[in-house]
Structure formats: structure tokens, C-alpha cells
Amino acid sequence: MSTWANLGLQDSASPLMEQLIFFHDHALLILVMITVLVGYLMFMLFFNSYINRFLLHGQLIEMIWTILPAIILLFIALPSLRLLYLLDEINEPSVTLKSIGHQWYWSYEYSDFNNIEFDSYMIPTNELSTDGFRLLDVDNRVILPMNSQIRILVTAADVIHSWTIPALGVKVDGTPGRLNQTNFFINRPGLFYGQCSEICGANHSFMPIVIESVPVNYFIKWISNNMNS
């Protein structure tokens, strides 16, 4: 979760988010190099008093400043395409979770386990415990096993919503009448917070998401308790 004065990205909790952070740093380094080079050239031009009266053309320099940016763009495009295909890859998921966006709460279904279903509402400020996070904590968390491939199906019942967990590198739009899917792999236990990131009405700011990542044996125990109840 982001805290005060955190200007960078959140610590990753999945391999996909690690790759997204690596690509962000890679692209930022290229941008810094371009900015420094162009800034240096512009600065030197201001103080350059040399004049060439016989300069009529410069095919060589024009070739250089056409080909060089194309090569730089390749260094950005190829890792970007690789990451795009990695994000779409579904690798034999262990658990399927269905998330349905409503105005303004989320419904979840564990369809692999005898249809365990529940709604997840934000806890109002006046009911929040002293160790809770305002506008981020919910009454029913999503419990998922760590070190397991998770598939999530996202849709909406009314307007467009967006199921977003920054620490996992997941952002999926929930569109009425349409089912979108993605996958993620949580590599450590913990609580991971997210919010709807599509403007979905008056209370758009008040439909947070909380994932609780637990070891597989705890997850199996939680599932069996909910199936028996």
C-alpha cells in the first residue's frame, strides 16, 4: 500500500508487477538520456557563434537523426510487446475468482468451491477500528492462496467499473454484459489494497478492494469452513 511521500511505485507482490517496474525503469532511463542529450545540444546552440556560409545540405546528419530515434523506439517497443503478451498469458489457474462491480460495492464468487459468494462493502469511518485504513478497508476481504496461479473474471452489473490492485499489477475493466479475464500470482503473504479506477458514479471513491494472501493450507481451511457454514 502507498504511504506518505511515496513517490515511486509500490513494492511488487507478483512477478508481473516486477516486470512492469523493470520496464518502467528501463523506459525512464531512455527518456532521461534523450532529455539530457537534447538539453545539452540546445544549451550549446545558444552560445555557439560559429556560422557556416556554405552549408546547403546535410544528408548524413539527417540520416542519423532519422535512424537513431527509430532504433531507440525499438528498445522501448520490444520489451513493451513482450510484457503485453506476458500479461495476457493464462497458465493453468489453481483458483478462479469472479468479481462483479456494483454501484458501489463488489461481489465475489469462488465458482470452483460450490459457489461461495459474498459482497464486499467499504467500512464507514464511524465503524472503523483503530488499526483500520479509512476509505480502504472492507467488511469482507478476498482470501487467496499465495504461490498459486489465480484467474480473475471481472464484469459489472450496472456501469463500467475497474478492478485494480497496484501491488499485483492488475487492472481489469468490468463492463456490463462482458466478461474480462486476467491472471496473477501472489508471491508473498499480506494485505493488498486497491480501488475502482473507473469513474462509476457519485460514490466511485468508496468501493475499495482488499486481498488477503495466505498460505495454501490456511486457504483450504477457510474454504472448508465457508462450505460447511
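Rules behind the numbers
Each chain carries its own residue numbering, running from 1 in the direction its sequence is written. Local features in this predicted model are restricted to residues whose pLDDT is 70 or higher, and side-chain atom pairs enter the listing and the counts only when it is 80 or higher, whereas totals over whole chains, interfaces and linings include all residues. Derived side-chain values reflect all non-hydrogen atoms in the structure, with water molecules and hydrogen atoms excluded from consideration. UniProt positions are given in the numbering used here, feature names are shortened, and annotations may be inferred rather than shown by experiment. Throughout this description, buried means an accessible area under 20% of the type-specific maximum (1.4 Å probe, protein chains only), exposed means over 50%, and partly exposed covers the range between. Secondary structure elements are defined from DSSP: runs of H or I of at least 4 residues count as helices, runs of E of at least 2 residues count as strands, and each element is numbered from the N terminus. One bridge is not enough; two strands pair if DSSP finds at least two bridges between them. We define a salt bridge as a contact between a side-chain nitrogen of Lys or Arg and a carboxyl oxygen of Asp or Glu at a distance within 4 Å.

The protein chain is annotated in an unreviewed UniProt entry as Cytochrome c oxidase subunit 2 of Drosophila prosaltans. The record held by UniProt for the protein chain lists under Sequence similarities (unreviewed entry) the comment "Belongs to the cytochrome c oxidase subunit 2 family." As its UniProt record puts it under Subcellular location (unreviewed entry), the protein chain is described as follows: "Mitochondrion inner membrane".

**Side note on the pairing of strand S10 (residues 208-214)**
Most of S10 sits out of view: six of its seven residues are buried. Pairing between strand S4 (residues 142-145) and S10: four bridges, direction parallel. Residue pairing in the sheet places Pro145 in a bridge with Val214 of S10. Here strand S9 (residues 190-196) pairs with S10 via six bridges, running antiparallel. Looking at the pairing, Gly194 lines up with Ile209 of S10.

**Some remarks on the pattern of salt bridges**
Close approach of charged atoms allows side chains with opposite charge to pair. For the coordinates displayed, the defined rule picks out two salt bridges. Arg141 is the partner of Glu212 in a salt bridge, and the nearest nitrogen-oxygen pair spans 3.4 Å. With a gap of 71 residues between them, Glu212 in strand S10 and Arg141 in the loop between strand S3 (116-120) and S4 connect regions that are remote in the sequence. Overall, the relative accessible area of 24% leaves Glu212 in the partly exposed class. A residue is classified by how much of its surface remains accessible, and Arg141, at 31% relative accessible area, is partly exposed. The closest approach of N and O atoms between Lys171 and Asp173, which form a salt bridge, is 3.7 Å.

**Looking at the UniProt feature "domain: Cytochrome oxidase subunit II copper A binding" (unreviewed entry) in the protein chain**
Taken from the UniProt record, the annotation "domain: Cytochrome oxidase subunit II copper A binding" (unreviewed entry) applies to residues 92-225. Each end of residues 92-225 is marked by a C-alpha atom, and these two atoms are 25 Å apart; helix forms 7% of the span and strand 46%.

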